[in-house]
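One-letter residues, chain by chain:
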Amino acid sequence: MTEILRPEDLRYGADGLLPAVVQEYDTREVLMLAWVDAEAVRRTLDTRKATYWSRSRGEYWVKGETSGHAQQVMRVSHDCDGDTVLYEVRQTGPACHTNTPSCFSDRRMDDHSAQ
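Everything numeric here is computed off the predicted structure, so don't read it as measured data.

1. Overview of the sheet that holds strand β5 (residues 71–78)
Strand pairing within a sheet occurs via backbone hydrogen bonds; the two strands may be parallel or antiparallel. One open sheet accounts for four strands, arranged β2-β1-β6-β5; its pairing is mixed. Two strands lie at the open edges of the sheet, namely β2 (30–36) and β5, each paired on one side alone. Direction aside, the axes of adjacent strands within the sheet are offset by 25° on average. Relative to strand β6 (residues 85–91), β5 runs antiparallel, the two being bridged by seven bridges. Bridging from a neighbouring strand, Q72 pairs with R90 of β6.

2. Details of the UniProt feature "binding site: Mg(2+)" (unreviewed entry) in the chain
Under the present numbering, the feature "binding site: Mg(2+)" (unreviewed entry) in UniProt falls on D79, D81 and D83. Inspection of the secondary structure puts D81 in the loop between β5 and β6.

3. A few points about the packing of aromatic side chains
Throughout the structure, instances matching the rule amount to three aromatic pairs. Centroid distance Y52 to W61: 4.9 Å. Interplanar angle 40°. Geometry classified as tilted. For Y52, a relative accessible area of 0% puts it in the buried group. With a relative accessible area of 23%, W61 lands in the partly exposed category. Note on W53 and Y60: the rings are 4.8 Å apart at their centroids and 75° apart in plane angle, and the pair reads as edge-to-face. Y60 sits in the partly exposed class, given a relative accessible area of 25%. Connected via pairs of aromatic rings, a cluster forms that spans Y52, W61 and Y87.

Scoring rules and cut-offs
Residues numbered from 1 in each chain as written. Predicted model: local features only at pLDDT ≥ 70, side-chain atom pairs only at ≥ 80, totals over all residues. Heavy atoms only, no water. Pairing = 2+ DSSP bridges. Helix = DSSP H or I, 4+ residues; strand = E, 2+ residues; numbered from the N terminus. Axes fitted to C-alpha atoms, helices over the stretch in contact; angles between N-to-C directions. UniProt positions renumbered as here; feature names shortened; annotations may be inferred. Phe/Tyr/Trp six-rings, centres within 6.5 Å; stacked < 30°, edge-to-face > 60°. Buried < 20%, exposed > 50% of the residue type's maximum accessible area, 1.4 Å probe, protein only.

Dropping the structure here:
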């Protein structure tokens, strides 16, 4: 049976936040990581627009609201501990603020190619 938690039942950190891993729904590519609180998760579930908490600005932001690079949320899941969420999205335009498809595009910490 699938375990379904409400936003308020997730396990947030001392700062009230937890990480949101964002993945392209069709290709499964990891696009970015952002931070959410219970209200951001609730807004995402209600609107199906990816909503996050900006730690630097101290406010909510909806992906694509100013850039046009929106994320239509297809599915929201949580991990086994309830301390991370996964937003599966259909991305319009680049996901990263550097104008790349993914925040992880061409950013390696090793020089080993996949075998």
